[in-house]
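# Descriptive analysis of the structure
If you want the building blocks of each chain, they are given just below.
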Amino acid sequence: VDVYLGHVMKVEINLDASPWGLGGYLLINGQIRGWYSTPIFAEEAKLLDISIGESSAQQVAEALAALVALRAWHGMWREQQLQLSIRSDSVSALILVLKLKTKGKGTSVIAREVALDLAQAWYEPAVVEHVPGIANVTCDALSRRFQPGVQFRLPEVLVGVPETVLEARNWQYYKSLANPPGTQAEDSVA
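Residues numbered from 1 in each chain as written. Predicted model: local features only at pLDDT ≥ 70, side-chain atom pairs only at ≥ 80, totals over all residues. Heavy atoms only, no water.

As a further point, take the side chain of Thr164. If you trace the backbone, Thr164 turns up in the loop between helix H7 (137-143) and helix H8 (184-189). Of note is the side chain of Thr164, whose polar atom sits 2.9 Å from the side chain of Trp73. Those residues in contact with Thr164, other than ones at most four positions away along the chain, are Gly34, Trp35, Tyr36, Ala72 and Trp73. (Helix = DSSP H or I, 4+ residues; strand = E, 2+ residues; numbered from the N terminus. Polar contact = N/O pair within 3.5 Å; in protein donor to acceptor, adjacent residues only side chain to side chain. Contact = heavy atoms within 4.5 Å.)

What follows is the structure, given as structure tokens:
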């Protein structure tokens, strides 16, 4: 009952994505403790059936931002009694995290991955909150770090906060895939 009454540690993950990258930051009891900014990698773009830099990739990128954040900070939420909140300007990404509902090839792969992660956790996100895009300035800047022609500047609120450095993601990052995309064994499962 303590989780639902808010008498536990509060972990909040704020997210955004662009067609070039993903960004987010982590708050614990209202204090920013970490942030990440990562490109969308060519191998995962192929796997998720998106084109980097194209607006058609936006919904998949928003969902991917949630998966990447949940995995990056899994130590903060998987095995502790806490209240986990996810904030994003993407309603579809929030629905994916909360209900695992989605449509489309790329988001379906991501939903399976989120489901696997949630199945291993003691707790799942208790709160999802939509943030108007215009108010999601910090995460938007992080997600556009890898946009061609844009000079990245770390948002002032994150100066002095440690960056969560992420490794490149390839098909092995996606646990629900037994074989590399395009192989006969993988194709027969799909």
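For helix H3 (residues 58-72), with 15 residues, the first-to-last C-alpha span of 21 Å sits near the 21 Å given by 1.5 Å per residue. Counting buried positions along H3 gives twelve out of 15 residues, so the element sits mostly inside the fold. Every buried residue of H3 is listed here: Val60, Ala61, Glu62, Ala63, Leu64, Ala65, Ala66, Leu67, Val68, Ala69, Leu70 and Arg71. (Expected span 1.5 Å × (residues − 1). Buried < 20%, exposed > 50% of the residue type's maximum accessible area, 1.4 Å probe, protein only.)

Moving on, we come to unusual backbone geometry. One non-glycine residue, Asn29, lies in the positive phi region at around 50°. Even without a glycine there, the phi angle at Leu100 is positive, about 60°.

This part covers the nonpolar core. Ile13, Leu22, Leu48, Ile110 and Tyr174 are the most contacted members of the largest nonpolar core, which has 39 residues in total. For this core, the secondary-structure elements that each account for two or more residues are strand S1 (9-17), strand S2 (21-28), helix H2 (42-47), H3, strand S4 (82-88), helix H5 (91-99) and helix H6 (105-119). The greatest single-element share of this core, amounting to ten residues, is contributed by H3. The next biggest cluster of nonpolar side chains, apart from the first, holds eight residues, and it includes Tyr25, Leu27, Trp35 and Leu142. (Core = buried A, V, L, I, M, F, W, Y, C linked by side-chain atoms within 4.5 Å.)

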